[in-house]
Amino acid sequence: MRILSHILLLSGLVSSLLMSSLPTATASTSVEYVGVGTSGLIQPTGNGRFIYVDDQGTDVVPVDQPWGRVNYNRITCLDGGTMPENQPSCPEPDEDHPLRTIQGAVVIAKPGDVVVVRAGDYDERIGWSATPGLSEAPITLQSYPGERVTVDGYLSLKGADYWSIRGFHFGYSQINTTGEAIVNFFGGTGWSFVNNEVSGTRGVANLLIREEKPNSESVEDRTAAAPQNYSVQANCIREAARVGRVGEMHNIYLMPTIYSRGGIIEKNLIAGAPLGSNIKAAGSRDPNGAPRHVTISQNTLLYGASGITIGQKAERVETLGNLIARPSGSGKYDGAVKTYDLVAADKNSVKDSLLSGYEHPIRQPWGASTSLYQKRNSISNEVELIGSVANCSVRPVHPLVRDTYGHLSAD
């Protein structure tokens, strides 16, 4: 069997491993990869309510006036901006009276609300004017259980404290997708992105995580602007476009700044970044854009020029239990895990992962003053796969590989 031939341990260990003695990843997880969608309705909390959206719903309110019938903006009406005499004509957005647009629901959602989107194709730009949730009253935006909801455009949330996005297919649109990514999170505390698909970006990433614009360059303001305690779990993120400049097209671009804490990138299937990395954990022009205190665990990373890039002032980036395989577009500076202008490499780690098919399993510049901390990693020539990236079903053939590494691994 070729999938784990010539296995060697990193970190100076030279003994060969048998399949029966492969190390078990030690990461714990709170989610399971079950594909794109939702299996049940999240319940509102506190004074929250269900807000329904359907592509057959309406965002307007017809009101009879002396000069004829006028269509008022239902979103303004629901948000309290309609004259009192017109309020009775503005029904609550329940299951019998759904809104037409997801963005309309985002505008009116308040702490504790659950926005439920029925099956359909929504050509929208979503996210502006979102109200932050609360730790005791989060806001959920989810697809209806068992139904396919496609968004062709973008999701861009700024300061979206305690929002949870679940069960959507986000795709590129020549008309509606603008900016650097299809899904963008700017700042925000306690938000989560779970069981979604994002594919086909023409920008720098499918998913971009970065800070809000800070009020000043003070540590206090930069900390307030940075994402905190966020999670990206059990998603399928694929096919960063094969157009653009080498090294600049990623599936996840993780640049929440050195002022961020508590990030989790876990149990995702991430595939197709031949002009960049499946996950880039570094800043852009500002080295302070690099992440700190983030765990990248139990992900399957396929068909990237590099699997994970850790750069600049990144610290406490812990990668473990990942399957990184099948390089595509790799050059001499790429690797399953590589560093980029990394100031303190020894403050970041690669552990319990399977690094397969790369000429450089771990690529660090020659002469670097420190090296990534490495422990219990394995190297193989090839991992045999079945399934399809296009339908988010690709997975290792061998059950022990599948159970030990990547998005389908056991806890």
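Residues numbered from 1 in each chain as written. Predicted model: local features only at pLDDT ≥ 70, side-chain atom pairs only at ≥ 80, totals over all residues. Heavy atoms only, no water.

*Asks:* Explain the overall build of the protein chain here, please?
*Replies:* Check the secondary structure of the protein chain and you find 4 helices and 33 strands. Counting all 411 residues of the protein chain, 56% fall into the buried class. Put simply, of all contacts in the protein chain between residues at least 6 apart along the chain, 75% involve residues at least 24 apart. Summed over all atoms, the accessible surface of the protein chain reaches about 17300 Å², with 50% contributed by carbon and sulfur. (Helix = DSSP H or I, 4+ residues; strand = E, 2+ residues; numbered from the N terminus. Buried < 20%, exposed > 50% of the residue type's maximum accessible area, 1.4 Å probe, protein only. Contact = heavy atoms within 4.5 Å. Areas by Shrake-Rupley, 256 points an atom, 1.4 Å probe, with all protein chains shown as cover.)

*Asks:* What is the right way to read the environment of histidine 407 from this model?
*Replies:* Note on placement: histidine 407 falls in the segment after helix 4 (399–404). C-alpha of histidine 407 to C-alpha of threonine 300: the two residues are 107 residues apart in sequence and 5.3 Å apart in space. When residues no more than four places from it in sequence are discounted, the contact partners of histidine 407 are Tyr33, Lys267, Asn268, Leu269, Gln298, Asn299, Thr300 and Val394. For histidine 407, the side chain forms a polar contact with the side chain of threonine 300, separated by 2.6 Å. (Polar contact = N/O pair within 3.5 Å; in protein donor to acceptor, adjacent residues only side chain to side chain.)

*Asks:* Explanation requested: the state of the cysteines in the structure shown.
*Replies:* For the structure on display, the rule yields 2 disulfides. Between the sulfur atoms of cysteine 77 and its disulfide partner cysteine 90 the distance amounts to 2.1 Å. Of this pair, cysteine 77 sits in helix 1 (residues 74–78) while cysteine 90 sits in the loop between helix 1 and helix 2 (102–108), and the two are 13 residues apart along the sequence. Looking at cysteine 90, the relative accessible area reads 8%, which means it is buried. The disulfide that involves cysteine 236 links it to cysteine 392, with 2.1 Å between the sulfurs. Measuring the twist about the S-S bond at about -85°, one finds the cysteine 236-cysteine 392 disulfide to be left-handed. Linking cysteine 236 in strand 18 (residues 236–238) with cysteine 392 in the loop between strand 32 (385–386) and strand 33 (395–396), this pair joins segments that are 156 residues apart in sequence. Of the residues examined, cysteine 236 reaches a relative accessible area of 1% and is grouped as buried. (Disulfide = S-S within 2.5 Å.)

*Asks:* Looking at this structure, I do not really get the pairing of strand 21 (residues 269–281). What am I missing?
*Replies:* Regular strands have side chains that alternate between both faces of the sheet. In terms of burial, strand 21 is a largely internal element, 13 of the 13 residues being buried. For strand 18 and strand 21, the ladder comprises 3 bridges, and the chain directions are parallel. By the bridge assignment for strand 21, cysteine 236 is matched with leucine 269. Across 3 bridges, the pairing between strand 19 (residues 250–255) and strand 21 is parallel. Each residue of the ladder has a partner; that of isoleucine 252, found in strand 21, is isoleucine 279. Of the pairings in the sheet, the one linking strand 21 to strand 23 (residues 300–311) comprises 8 bridges and is parallel in character. Residue pairing across strands places alanine 271 opposite leucine 302, the latter belonging to strand 23. (Pairing = 2+ DSSP bridges.)

*Asks:* Looking at this structure, I do not really get the pairing of strand 9 (residues 149–152). What am I missing?
*Replies:* Pairing of strand 6 (residues 120–122) with strand 9 involves 3 bridges; the strand directions are parallel. The partner of glycine 120 across the bridge, within strand 9, is valine 149. Relative to strand 12 (residues 169–171), strand 9 runs parallel, the two being bridged by 3 bridges. Looking across to strand 12, one finds that aspartate 152 is bridged to glycine 171.

*Asks:* It is not clear to me how the environment of threonine 404 should be interpreted in this structure. Could you clarify?
*Replies:* Relative to the assigned elements, threonine 404 resides in helix 4. Sequence separation between threonine 404 and asparagine 322 is 82 residues, and the spatial gap between their C-alpha atoms is 8.9 Å. There is a polar contact of 2.6 Å between the side chain of threonine 404 and the backbone oxygen of leucine 400.

*Asks:* Is there a simple way to explain the sheet that holds strand 14 (residues 192–194) in this structure?
*Replies:* Adjacent strands of a sheet pair through backbone hydrogen bonds, lying either parallel or antiparallel. Pairing is parallel across the open sheet formed by 11 strands, whose spatial order is 2-5-8-11-14-17-20-22-24-27-30. In the strand order of this sheet, the two ends are held by strand 2 (50–53) and strand 30 (373–375), each with one partner. Within the sheet, the average angular offset between the axes of one strand and its neighbour, ignoring direction, is 10°. Direction of pairing for strand 27 (residues 349–351) relative to strand 30: parallel, over a ladder of 3 bridges. Residue valine 350 lies in a different strand from strand 30, and its bridge partner there is glutamine 374. (Axes fitted to C-alpha atoms, helices over the stretch in contact; angles between N-to-C directions.)

*Asks:* I'm lost on the side chain of serine 353 in this one. Help?
*Replies:* Within the secondary structure, serine 353 sits in the loop between strand 27 and strand 28 (354–356). In this structure serine 353 comes out as buried when scored by relative accessible area, which is 1%. At 3.1 Å, the side chain of serine 353 forms a polar contact with the backbone nitrogen of asparagine 322. In this structure, serine 353 is in contact with Thr319, Leu320, Gly321, Asn322, Arg376, Asn377, Ser378 and Tyr405, ignoring residues within four places of it in sequence.

*Asks:* So what exactly am I meant to see when it comes to unusual backbone geometry here?
*Replies:* Unusually for a residue other than glycine, asparagine 195 sits at a positive phi of about 55°. Within the fold, asparagine 195 resides in the loop between strand 14 and strand 15 (197–199). Non-glycine residue aspartate 341 carries a positive phi angle of around 45°. Relative to the helices and strands, aspartate 341 resides in the loop between strand 26 (337–340) and strand 27. Under the relative-accessibility criterion, aspartate 341 is labelled exposed at 54%.

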